Amino acid sequence: MSSRKCPFHARVSETEDQLVQSLGDKLHHCSTEVLKNRPTFRVGISGGSLVQLLTRALISRKIDTTNWKFFFCDERYVPDDDAESTFNAYRTEMHAKLPNIVESQLIKADTALSLDACACDYEARIIDEFGSSCPIFDLLLLGMGPDGHTCSLFPGRPEFQIHAEQLVIPIRDSPKPPPERITFTLTLINNANDVVFVVTGASKADVVKSVFIDGDRSFPAACVEPTHGKLTLIIDRAAGAKILSQKCGC
Ligand SMILES: O=C(O)[C@H](O)[C@@H](O)[C@H](O)[C@H](O)COP(=O)(O)O
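What comes next concerns the included structure. (Residues numbered from 1 in each chain as written. Predicted model: local features only at pLDDT ≥ 70, side-chain atom pairs only at ≥ 80, totals over all residues. Heavy atoms only, no water.)

Focus: the site of the ligand
Around the ligand, the surrounding shell holds 14 residues, and the nearest of these are S49, D74, H149, C151 and K176. Side-chain polar atom of D74 to an oxygen atom of the ligand: 2.7 Å apart, as the coordinates give it. Out of a free accessible area of 420 Å², the ligand has 89% covered by protein chains. In this structure, the ligand is accommodated by the largest pocket. For the shell around the ligand, the per-class residue count stands at 2 nonpolar, 7 polar and 5 charged. (Near = heavy atom within 4 Å. Polar contact = N/O pair within 3.5 Å; in protein donor to acceptor, adjacent residues only side chain to side chain. Areas by Shrake-Rupley, 256 points an atom, 1.4 Å probe, with all protein chains shown as cover. 1 Å grid on protein atoms, 1.4 Å probe; cavity = no way out; pocket = protein on both sides within 12 Å on 5 of 7 lines; lining within 4 Å. Sits in = over half its atoms within 2 Å of the grid points. Nonpolar A, V, L, I, M, F, W, Y, C, P; charged D, E, K, R; others polar.)

Okay, here's the thing in structure tokens:
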């Protein structure tokens, strides 16, 4: 039984193809519901393995992303054309495989500014986009590292437990290279209507249990507890190996 305060729905897939289909179904449902009432679907996306998985899900589910805007839940503080840039990874992947997504739909951070100014500027762009100092994303797609980090909020670092009033903050010594990044804060993350973790691979099995069953709040991912929104965990069997025998708030 999960010790987490915040219930979540878990979708466990046997294969990566099934996980991609599950993600596609979630994306289609979420965006369709939002676009019934509003002109734009605003989603926050993460880097790492999600770049390929999200692209595959959009392709396989044949989702119309015309009215989507993509924001970055975190971004590496590198030039836009750097191989480490998450924006560049998505631009390259989508340009090649999803040509109907135009670059202007990818709302990137201005990494030509200083690191602090880049974080402030991105926060201001988000506030301007939503017309609110408490932006509510329709959907956030998060990854999780083996250390329980999510976005660029890392365990044992002060960033993930303070800055309650800020929405985007600079990170200077990320243990996952590159060291300088900007990241959404838990305040912004937990304000979203729908938060989905996409986690794959056996290396994540222990931390998936610590975060989603034990609710160990020493891990930033365990502090993702949407105040009013839904929380979903989309995992493969390898990542879910340590929780599949337990009941969770599914
Ligand atoms: O820019 C980043 O590095 C990501 O936003 C990061 O938070 C990622 O989501 C996790 O490290 C999981 O990455 P994997 O899914 O590739 O393991």
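Brief notes about the side chain of T150
Counting through the fold element by element, T150 comes out in the loop between β6 (139-142) and β7 (168-171). Within the local environment of T150, its side chain forms a polar contact with the backbone oxygen of G143, the two atoms lying 2.7 Å apart. In this view, T150 contacts L142, G143, F197, P220, A221 and V224; residues no more than four positions away in its chain are not counted. (Helix = DSSP H or I, 4+ residues; strand = E, 2+ residues; numbered from the N terminus. Contact = heavy atoms within 4.5 Å.)

Examining the pairing of strand β2 (residues 41-45)
Counting buried positions along β2 yields 5 of 5 residues, so the element is predominantly enclosed. Residue alternation in β2 divides its side chains into two sets, F41, V43 and I45 and R42 and G44, and both sets are buried. For the crossover from β2 across helix α2 (residues 50-60) to strand β3 (residues 68-72), the handedness is right-handed. (Buried < 20%, exposed > 50% of the residue type's maximum accessible area, 1.4 Å probe, protein only. Right-handed = clockwise from strand over helix to strand, strands pointing away.)

Points about the side chain of K204
On the secondary structure map, K204 appears in the loop between β9 (194-199) and α6 (205-212). D147 provides the closest opposite charge to the buried, salt-bridge-free K204, at an N-O distance of 8.2 Å. (Lys, Arg positive; Asp, Glu negative; His and termini not counted. Salt bridge = Lys/Arg side-chain N within 4 Å of Asp/Glu carboxyl O.)

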